[in-house]
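For reference, the chains in residue letters:
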Amino acid sequence: MLTNKIFLKKTKKGSILKIVREHYLRDDISCGSECCESCVHDEKGPVLKEKPENPSCQFDKEHYIIPDTNVVLHQIDVLEDTVLQNVIILQTVSEEVRHRSAPAYKRLKDILANQGKHFYSFANEFNKETYVERERGETANDRNDRAIRKAGTWYRDHLSGQNSAVQIVLITNDADNRAKAKQKGLIAFTVQEYIKGLKDNGSLLDKLAHVGTGLVYERDKVQFPEHLPMVEIQRGIKSGKYLQGNFVASRENYLEANISLQTADEMLFVQGHKNLNRAVNGDVVAVEMLPESEWSCPSSLVLEETEEKNDDADIDEEDEQIKRNKVPKELRQQTCRVVGIIKRNWRQYCGILQKSAITEATRHLFVPAEKRIPKIRIETRQAKDLCTQRIVVAIDSWPRNSRYPQGHFVRKLGNVGDKETENEVLLLEHDIPHNNFSETVLSYLPKLPWVITEEDMKHRTDLRHITVCSVDPPGCTDIDDALHCRDLDNGNLEVGVHIADVSHFIRPGNALDKEAANRGTTVYLVDKRIDMVPELLSSNLCSLRCDVDRFAFTVIWEMTHKAEIVKTTFMKSVIESRASLTYGEAQMIIDDPARNDDIAKSLRGLNKLAKILKQKRTDKGALTLASPEIRFNIDSETHDPIDVQAKQLLDTNSMVEEFMLLANISTAQKIHEEFPNCAVLRRHPSPPASNFDPLIKAAQSKGFKMNVSSGKELADSLNAAVLEDDKYFNTMLRIMTTRCMMQAVYFCSGMLPEAEFLHYGLASEIYTHFTSPIRRYSDILVHRLLAVCIAADASYPELLDKHKTQSVCNNLNYRHKMAQYAGRSSVNLHTHLFFKKRVVDEEGYILFVRKNAVQILIPKYGLEATLYLNVDGRKKGPTFVFNEDENTQSCGPVTLHVFDRVVIQISIDRSNVQHLKLQIRLVEPSIPEFSVPAASNEEDKSEEPPAKKIKT
């Protein structure tokens, strides 16, 4: 059956176009129920069970559920619960969800794919019995509600005609929709009514989102300004009255945030509850500039919200206290206030329950693991069980009259402190895709045994006769790169970098390619690796292991002995690595005068050239920065950390790095030359001068002047800032400099002028990533572009579409950033585990001096910890005086400066078993009231064995 819709459209030139839209209707669409004998089901058979089990106290009859769009959007956590089964998802509903929320639509698709849930997708828009035309004057929303009711009555009549006792229940919070459904003889409930009527509904009641359910608690006192309506926001942005930006909450002070504007590199500052105005980290907001007389700057206080306050607790007092702190004019930053929310970017949050002091209370505070997210008020009847668990919570709303946003419980993850649970938390918090690869993805892997065929060799250069070897960290199985160096007859050198040819195995557009593009990067945790591609590729067929033939993408340079490039050649190749070495093993071969085989000669040639290349980069202005990196030794049985050591950097680390950098630069030049508008490149923007203020101030305290006018001047200043009596001072300066840098990002060359291609840190005019395609999707795209450049592979439309390429780059930037954060969180987790049964005295260096704290870097553990001073009088101890001009904290004869060496005691604070925190205490310089108490001889009666006291 065919229906037509005819539209007349007037063009810009005044012509009238007649548009005809055809809509095909069918009479053979299955209802999907086991109890129906008239419908022809597909090969998978019926989905809805003949005797559905949705045990309800409201009526004893078996029933199927039809939710409307808002129920699916807002109550997706309830629908995901195993209790709810036999649910009919109408096409009208799924299409509207798809248009309104991509995350909710993806979760809905996952539920529909779960056969155990018995959710059935019914194409009501193509069934001639259920399709409805939109009537004149009817809104799209009213038409959709009518379509849902029509489908409900059809299901009721259709199944009753099969002598089935199964009833149809419509779930909607729309009062008008429920009333009209009941007029049609349908059973209809609100979500809350239906869930309350289920047997054993405790966990489901907790999962109800407080949207349209009446669970938001109303109070008379208005705390926050009203958000402006979207129409007024859009008008204000257009006129310049308001600005649009991303809300970035502070990690150190819950009353401060920055606004990252989409039109400028500068950040705007926001301070105080009312100016923050219920924005949550990640939201897109509209802001209004404050008068210059009200501008402020970040406080020197490190401020965490530790105590629970009532939802109607007065926020004015805290805001007034901020205003009383007068900021000198020269320190003021551009300051604004949030006037409206353009887009909420709320997600599900992991954390712990801060149980109410009232024993029988059902309303509790949830403390997110992410410091930048405010505490969330939830209602739960499971507090006794949840208080020892890591849980997941979602935000539903943030009323003007509540200090905290309102949310609901989603699910439990496991016991607090359990390593697997904590690993799951950090993966979820950093949005790391970590599910097993699906069968569809795995179906695109090559079949074993895999062999190189004669056809393969027709398109590749055979380099198996060359002595190639790889140099990687210990335990590396995903070997991306290998190198070689040999003498040429003309007196020059031939240097080759051979990179795993992953793009040969991952073809554009298939499920394997899409999964790799979504994951973006391999994530390295202390005790595990979350692969971007399946293990068959990452650790086998693409890994350049020794003594096996492997496909590679090779770049070969002819060089002089002064590392001057004479010629560059790219090719697809076949190699056989002669050795898979660690950095240490390669260094031993270089240093061993008895070794003069081809591998030793190759490594020595590479090492010599690498030193020349590094000096050239340094002379050009490349920065050598620092970050504290550590390696844990893990117990093979318990997988707990048993020792910690700083990573040792050898000449071979630098050797490999130099040739990877050179390969990346050479590739960037080639692909940009061939594809000036769609090359995938990587840029590192120059930091604004204000970023360097903490570095300049810190260096001045030791008598050094930092010139930050260019990368070259900064590099020279860092090289000159050396103290003979403090070998770690220069490293500290370089660590601080790292904090001043902007984020390096991927981009499509056609989206920016060439002047902005610069990689500031490397002092390179153009750069990309080519050398790690096993673990970075950006490199796969670069390989595809390079393959087209040398006629080794065919192009495809998406590869040459700069807008699609930029969209992929945006995802890669996000995934790369999250992977870095996840890796750091994994180090922090294992540091906590390491100190769980230890108390250690360790050397540290003061990195920052704050008004109420000093932040200390502990190099041995790669750890940055905060030592709080003058803690609101709650703890007995010495009184420190903060000198803002000199940036010091003083107590009697002891003064703490930036870069000072201290000895601190590190342990776990066991005062709150639910949320174990690392705590530090000052040992040296010694302050009598603040010294570490002597060890007690009393027997430890706790279940935990006594902590070991280690002096290092």
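Reading the values: the criteria
Residues numbered from 1 in each chain as written. Predicted model: local features only at pLDDT ≥ 70, side-chain atom pairs only at ≥ 80, totals over all residues. Heavy atoms only, no water. Buried < 20%, exposed > 50% of the residue type's maximum accessible area, 1.4 Å probe, protein only. Helix = DSSP H or I, 4+ residues; strand = E, 2+ residues; numbered from the N terminus. Arc of directions from axis to C-beta. Contact = heavy atoms within 4.5 Å. Polar contact = N/O pair within 3.5 Å; in protein donor to acceptor, adjacent residues only side chain to side chain. Core = buried A, V, L, I, M, F, W, Y, C linked by side-chain atoms within 4.5 Å. Pairing = 2+ DSSP bridges. Lys, Arg positive; Asp, Glu negative; His and termini not counted. Salt bridge = Lys/Arg side-chain N within 4 Å of Asp/Glu carboxyl O. 1 Å grid on protein atoms, 1.4 Å probe; cavity = no way out; pocket = protein on both sides within 12 Å on 5 of 7 lines; lining within 4 Å. Points joined across faces, edges and corners; volume = space filled by probe spheres on them. Nonpolar A, V, L, I, M, F, W, Y, C, P; charged D, E, K, R; others polar. Axes fitted to C-alpha atoms, helices over the stretch in contact; angles between N-to-C directions.

Enquirer: Please clarify how helix 6 (residues 175-183) should be interpreted in this entry.
Expert: Three- or four-residue spacings in an α-helix give side chains the same orientation, since the helix completes a turn every 3.6 residues. Three or more residues of helix 6 are buried, namely Asn177, Arg178 and Ala181. Buried residues along helix 6 cover an arc of 100 degrees about the axis, so they all sit on one side. The secondary structure elements touched by the buried residues of helix 6 are helix 5 (140-160), strand 6 (167-171) and strand 7 (187-189). If you check the start of helix 6, you find a side-chain oxygen 2.9 Å away from the backbone N of Asp176, and it comes from Asp174. Remark: Gly185 follows helix 6 within two positions and exhibits a positive phi of approximately 85 degrees.

Enquirer: Quick question: what am I supposed to make of the nonpolar core here?
Expert: Generally speaking, a soluble globular protein has its nonpolar side chains buried in company with each other. Of all hydrophobic cores here, the largest spans 88 residues; its most connected members are Val497, Leu537, Trp557, Leu603 and Phe659. Ignoring sequence-local partners within four residues, the contact set of Val497 consists of Ala482, Leu483, Phe553, Thr554, Val555, Trp557, Phe659, Met660 and Ala663. Counting 54 residues, the second-largest nonpolar core is a separate cluster that includes Tyr760, Ala865, Val898 and Phe899.

Enquirer: Explanation requested: the pairing of strand 19 (residues 468-472) in the structure shown.
Expert: The side chains of a regular strand alternate, residue by residue, between the two faces of the sheet. Most of strand 19 is tucked away: five of the five residues are buried. In strand 19, alternate side chains face the same way, and those of Val468, Ser470 and Asp472 on one face and Cys469 and Val471 on the other are all buried. Pairing of strand 19 with strand 25 (residues 565-582), which is carried by five bridges, proceeds in the parallel orientation. Along strand 25, the bridge assignment pairs Val471 with Leu581.

Enquirer: Which parts of the structure should I look at to understand the environment of Glu129?
Expert: Note that Glu129 resides in the loop between strand 5 (119-122) and helix 5. Along the primary structure Glu129 and Val902 are separated by 773 residues, whereas in three dimensions their C-alpha atoms are 79 Å apart.

Enquirer: Could you clarify how one ought to interpret the side chain of Asp396 in this entry?
Expert: Here Asp396 is to be found in strand 16 (residues 389-397). Here Asp396 sits buried without a salt bridge, and the closest side chain of opposite charge, Arg107, lies 9.6 Å off (N-O distance). A polar contact is formed between the side chain of Asp396 and the side chain of His408, at a distance of 2.7 Å.

Enquirer: Which parts of the structure should I look at to understand empty space enclosed by the protein?
Expert: A full pass over the atoms with the stated rule returns two cavities of 30 Å³ or more. Each pocket or cavity is described by its volume, and for the largest cavity that value is around 80 Å³. For the lining of the largest cavity, the leading source of residues is helix 7 (residues 191-197), giving three residues. Classifying every residue of the lining of the largest cavity by side-chain character gives ten nonpolar, one polar and no charged. Roughly 40 Å³ of volume is contained in the second largest cavity. Surrounding the second largest cavity, Gly520, Thr521, Tyr746, Arg776, Tyr777, Ser778, Leu812 and His816 form its lining. Elements supplying a minimum of two residues to the lining of the second largest cavity: helix 24 (777-789) and helix 25 (802-834).

Enquirer: What is the right way to look at unusual backbone geometry in this model?
Expert: Outside of glycine, negative phi angles account for most residues, and trans bonds account for most peptide bonds. Put simply, Leu448 and Pro449 share a cis peptide bond, and its omega is -5 degrees. With respect to the helices and strands, the residue Pro449 is situated in the loop between helix 14 (439-442) and helix 15 (454-457). The peptide bond linking Glu924 to Pro925 adopts the cis configuration, its omega dihedral lying at 5 degrees. Relative to the helices and strands, Pro925 resides in the loop between strand 37 (917-924) and strand 38 (948-951). Here His118, not a glycine, exhibits a phi torsion of approximately 55 degrees, which is positive. With respect to the helices and strands, the residue His118 is situated in the loop between helix 4 (102-113) and strand 5. Even without a glycine there, the phi angle at Asn887 is positive, about 55 degrees. Take Asn887: it is sitting in the loop between strand 33 (881-883) and strand 34 (888-891).

Enquirer: Please clarify how the pattern of salt bridges should be interpreted in this entry.
Expert: For the structure shown, the criterion picks out 49 salt bridges. Residues Lys611 and Asp651 are paired through a salt bridge, measuring 3.5 Å at the closest nitrogen-oxygen approach. Highlighted residues: Lys611 in helix 19 (residues 598-620) and Asp651 in helix 20 (residues 651-674), separated in sequence by 40 residues. In this structure Lys611 comes out as partly exposed when scored by relative accessible area, which is 49%. With a closest N to O distance of 3.7 Å, Arg683 and Glu756 form a salt bridge. Within this pair, whereas Arg683 is found in strand 28 (residues 680-683), its partner Glu756 is found in the loop between strand 29 (745-748) and helix 24, the two being separated by 73 residues in sequence. The network of salt bridges with shared partners includes Asp77, Glu80 and Arg107.

Enquirer: It is not clear to me how the sheet that holds strand 10 (residues 267-271) should be interpreted in this structure. Could you clarify?
Expert: Sheet strands line up and pair through hydrogen bonds in the backbone, either parallel or antiparallel. Taken together, the five strands give an open sheet; going across it, the order is 10-9-8-11-12, and neighbouring strands pair in antiparallel fashion. A single partner strand is all that each edge strand has here, and the edge strands are strand 10 and strand 12 (336-343). When the angles between neighbouring strand axes are averaged without regard to direction, this sheet yields 40 degrees. With five bridges joining them, strand 8 (residues 243-249) and strand 9 (residues 256-261) adopt antiparallel strand pairing. Paired with Ala249 across the bridge in strand 9 is Ala257.

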